[in-house]
Amino acid sequence: MLDRLRALRMDTTPVREHRDFRLLLVSGTVFLFGAMITYVAIPYQVYALTGSNLMVGMIGLVELVPLVVFGLWGGALADHFDRRRLLITAGLAQAVLVAVLAVNAFLDEPKIWLIFVLGALLTSASALQRPSREALMPRTVRHDQIAAAQALTSFGAQMAMLAGPLVGGLLIAYVGIGWCFVIDVVGITVAALMFVAMKPYPHTVETTPPSLRSIADGIAYGVRRRDLLGTYAVDLAAMFLAMPVVLFPALAEEVYGDPEVLGLLYAAGTVGAVLATVTSGWITRVHLHGRAIVVAAMVYGGFIALAGLAPNLWVALTFFTLAGAADMISGIFRGTVWNQTIPEHMRGRLAGIEMLSYSLGPQMGQVRGGFVADAWSPRAAVVSGGLACVGGVAVTALWLRDFWTYDARTDEHAVAERESRIRVAQG
């Protein structure tokens, strides 16, 4: 029994063995901690100023085009330029934009139009940065450590996503929204300094200058590979149909009648994700990643639906927690497929596409959730989204049968990338 429990323990070997992975892990965690405080503050500020769920959902619509355009362009930049410098430059740009959000929040009458403009610009800078960060991670560890590194990266992200909303909720309740943005600026600055401390990672093969053609080549590559296409499609279906975050302000105010539970609602899924990562030792022994992704995503949708039906706050929080655990398991396996199979010269562009797959769904889901909540009710929006997620993921698995049968031990792309890493290591 004790041996089985030990087998569940998260593998921390990448942290112990690789300095730059530690820097990337800690900087990403610090960066996301501040970003999650802002993530809570912006929708709450919009809801407080307008009283409209649809206006909160419109934040996602305004950010949609910048996310697509700059996510793809950021991936193309990452496949040609120094990824570490891109991290630093885009991070500093975000610090400036969040500082302006802070100034606006401290005004007697904050300007709602400025929040939307800055939200779009902040999304642009973040979208430029994230492909470089995603593409760098596999370079900082050995190929056989990627699954463990993915779990550790997810653990750091989830800790930030747990602490950020809780701190954000407390700041909103006791000192005001403006201080949320101040804390975010500090986090971005600290993270940028850690990026500076990393060593350079020059490209190991000939690069492709950024262009529309290079972006199109990346998209074509991702679409041709049904294993990658399956990861994108499942994530889009789950997040677009079942992501409940946009409904949390309304649930806190209208259903549970207490705005101070907002932080708990944001944190519940993250608690589940943290529990999933700290018991992720078993993940490295699973090789049928496609099946794991599909099953976990369907379980996620089921728990979201149950949360909407829950009779009280604590039962709902339990189901949101379980949903977060299932979503994290799906996410770890998706990240493992991406990082173990995509060649170095394509990693930035594919990281941009990956970012869109796990960002577009929630962005579009905000609009869907806000519309359904205003037309029906917040509870109905949660339940219908969860049930639709189960059905949508099942249809995706039936459509992409090759994805369902993916095996990391024999997949041609996984084998080719393992051999490539060995050749580079041997000089």
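How each quantity is defined
Residues numbered from 1 in each chain as written. Predicted model: local features only at pLDDT ≥ 70, side-chain atom pairs only at ≥ 80, totals over all residues. Heavy atoms only, no water. UniProt positions renumbered as here; feature names shortened; annotations may be inferred. Helix = DSSP H or I, 4+ residues; strand = E, 2+ residues; numbered from the N terminus. Buried < 20%, exposed > 50% of the residue type's maximum accessible area, 1.4 Å probe, protein only. Contact = heavy atoms within 4.5 Å. Areas by Shrake-Rupley, 256 points an atom, 1.4 Å probe, with all protein chains shown as cover. Lys, Arg positive; Asp, Glu negative; His and termini not counted. Charge placed at Lys NZ, Arg CZ, Asp CG, Glu CD. Salt bridge = Lys/Arg side-chain N within 4 Å of Asp/Glu carboxyl O. Patch = residues over 30% accessible without salt bridge, like charges linked within 9 Å, V, L, I, M, F, W, Y side chains within 5 Å. Axes fitted to C-alpha atoms, helices over the stretch in contact; angles between N-to-C directions. Parallel < 35°, antiparallel > 145°, perpendicular 65-115°, else oblique. Polar contact = N/O pair within 3.5 Å; in protein donor to acceptor, adjacent residues only side chain to side chain.

- Naming follows an unreviewed UniProt entry, where the chain appears as MFS transporter of Nocardioides daphniae.
- Its UniProt record gives the chain a comment under Subcellular location (unreviewed entry), which states: "Cell inner membrane".

Comments concerning the overall build of the chain
Reasoning step 1: A count of helical and extended segments in the chain gives 18 helices and zero strands.
Reasoning step 2: With the C-alpha coordinates aligned to their principal axes, the bounding extent of the chain is approximately 60 × 45 × 45 Å.
Reasoning step 3: Of all 427 residues assigned to the chain, the portion counted as buried reaches 57%.
Reasoning step 4: Intrachain contacts of the chain at a sequence separation of at least 6 include 87% that bridge at least 24 residues.
Reasoning step 5: Total accessible area computed for the chain in this model is approximately 17,500 Å², and 68% of it derives from carbon and sulfur atoms.
Reasoning step 6: For the chain, the distance from the average position of its 31 positive side-chain charges to the average position of its 30 negative side-chain charges is 8 Å.

Details of the pattern of salt bridges
Reasoning step 1: For the structure on display, the rule yields 13 salt bridges.
Reasoning step 2: Between Asp227 and Arg225 there is a salt bridge, with its nearest N and O atoms 2.7 Å apart. As far as the burial class goes, Asp227 and Arg225 line up, both buried.
Reasoning step 3: Note that Asp402 and Arg226 form a salt bridge whose closest N and O atoms lie 3.4 Å from each other. Placement of Asp402 in helix α17 (residues 401-404) and of Arg226 in helix α10 (residues 226-242) is noted, with a sequence separation of 176 residues between them.
Reasoning step 4: One connected set of salt bridges, linked through shared partners, spans Asp79, Arg83, Arg139, Glu344, Arg347, Arg349 and Glu417.

Some remarks on a nonpolar patch on the surface
Reasoning step 1: A grouping of Phe106, Leu170, Tyr174, Val175 and Trp179 is seen on the molecular surface, where their side chains present a nonpolar patch of about 570 Å² in accessible area.
Reasoning step 2: Position of Phe106 relative to the elements: it lies in the loop between α5 (83-105) and α6 (112-136).
Reasoning step 3: The exposure class of Phe106 is partly exposed, given its relative accessible area of 44%.

Details of a negative patch on the surface
Reasoning step 1: The grouping of Glu253, Glu254, Asp258, Glu260 and Asp374 at the surface amounts to a negative patch.
Reasoning step 2: Mapped onto the fold, Asp258 is located in the loop between α11 (248-255) and α12 (262-278).
Reasoning step 3: For Asp258, a relative accessible area of 30% gives the class partly exposed.

Let's talk about the packing of helix α9 (residues 212-224) against α10
Reasoning step 1: Direction vectors running N to C along α9 and α10 enclose 95°, while the axes themselves pass 5 Å from each other. For the element pair α9 / α10, the angle class is roughly perpendicular. For the pair formed by α9 and α10, the contact residues are Tyr221, Gly222, Val223 and Arg224 on the first element and Arg226, Leu228, Leu229 and Tyr232 on the second.

Overview of the side chain of Ser280
Reasoning step 1: Within the element layout of this structure, Ser280 appears in the loop between α12 and α13 (289-309).
Reasoning step 2: On the basis of relative accessibility, which here comes to 5%, the residue Ser280 falls in the buried class.
Reasoning step 3: Among the polar contacts listed, one links the side chain of Ser280 to the backbone oxygen of Thr277, at a separation of 2.6 Å.

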